[in-house]
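Each chain, written out:
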Amino acid sequence: MKTYTLNPEIVEWIESGHIHEALTGRGVYFLPDHTCRDQHDVMLVMYVLLSWATQASHQPLVSDALSITCQKLHAEGDLETLNNLLLAHQIQSDDLGIDIGFNYETK
């Protein structure tokens, strides 16, 4: 796998425990998408998150964070953000060849 320098701002968010906020783009964690500027760039955040997890051996932490984020979004009824997150995870996992699974259960 070819390595790239990861976005230091996103890495800082992740390392400071703000994975949920970075994934959902709430508040100061919003990154405008290159195509649709009013939408959060969850694809970029997911790329950085999965790459960081693999490089730093933090797969269990990221798996737990993904589970919690999906459960929170579902409980809030924010299905659009949840769908975007799940799609970004699938696309970036396939593209990077990284398999970080997570449990997402609804009640």
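Please refer to the structure placed before this passage.
What you see is a predicted model; the values in this text were computed from it and never measured. (Residues numbered from 1 in each chain as written. Predicted model: local features only at pLDDT ≥ 70, side-chain atom pairs only at ≥ 80, totals over all residues. Heavy atoms only, no water.)

1. Focus on the layout of surface pockets
Cut-off, in case you're wondering: Cavities and pockets are found on a 1 Å grid laid over the protein atoms alone: a cavity is a set of points where a 1.4 Å probe fits but cannot escape, a pocket is an open set with protein on both sides within 12 Å along at least five of seven lines, and a lining residue has an atom within 4 Å of such a point. Grid points are joined across faces, edges and corners, and a volume is the space filled by probe spheres set on the points. Numbering goes from the N terminus for both helices and strands, where a helix is a DSSP run of H or I of at least four residues and a strand is a run of E of at least two.
Here the largest pocket defines a volume of roughly 310 Å³. Every residue lining the largest pocket is counted, 17 residues in all, and those nearest its centre are Gln-39, His-40, Val-42, Thr-81 and Asn-84. At the level of elements, α2 (19-24), α3 (42-55) and α5 (79-96) are the ones that each hand at least two residues to the lining of the largest pocket. If one sorts the elements of the lining of the largest pocket by residue count, α5 sits on top with 6 residues.

2. Quick notes on the pattern of salt bridges
How we decide: For salt bridges, the criterion is a side-chain nitrogen of Lys or Arg within 4 Å of an Asp or Glu carboxyl oxygen.
For the coordinates displayed, the defined rule picks out 2 salt bridges. One salt bridge in this structure joins Glu-76 and Arg-26, with 2.8 Å as the shortest N-O distance. With Glu-76 in helix α4 (residues 59-76) and Arg-26 in the loop between α2 and α3, this residue pair connects regions lying 50 residues apart in the sequence. Here Asp-78 makes a salt bridge to Arg-26, at a shortest N to O gap of 3.2 Å.

3. As for α3
Rule in force here: Expected span of a helix: the number of residues minus one, times 1.5 Å. For each residue, the accessible area found with a 1.4 Å probe, counting protein chains only, is set against the maximum for its type, and the residue is called buried under 20%, exposed over 50%, and partly exposed in between.
Between the first and last C-alpha of α3 there are 20 Å, a value that for 14 residues agrees with the 20 Å anticipated at 1.5 Å per step. Most of α3 is tucked away, with 10 of its 14 residues classed as buried. Every buried residue belonging to α3 is among Val-42, Val-45, Met-46, Tyr-47, Val-48, Leu-49, Leu-50, Ser-51, Trp-52 and Ala-53, and all of these are buried. Backbone geometry just after α3 places Ser-57 at a positive phi near 55 degrees.

4. Considerations on the packing of α3 against α4
Put simply, the test is: Here an angle of 0 to 180 degrees is reported between the N-to-C directions of two axes, which are lines fitted to C-alpha atoms, with helices fitted over the stretch in contact. In this description, contact between two residues means that some pair of their heavy atoms is separated by no more than 4.5 Å. Under the scheme applied here, ten amino acids are nonpolar (Ala, Val, Leu, Ile, Met, Phe, Trp, Tyr, Cys and Pro), four are charged (Asp, Glu, Lys and Arg), and all others, including Gly, are polar.
For the pair α3 and α4, interaxial distance at closest approach is 8 Å and the crossing angle is 145 degrees. Only Gln-59, Leu-61, Val-62 and Leu-66 of α4 make contact with α3, whose side of the interface consists of Met-46, Leu-49, Trp-52, Ala-53 and Thr-54. Looking at the contact of α3 with α4, its residues break down into 7 nonpolar, 2 polar and no charged.

Function cannot be inferred from these measures alone, as they are strictly geometric.
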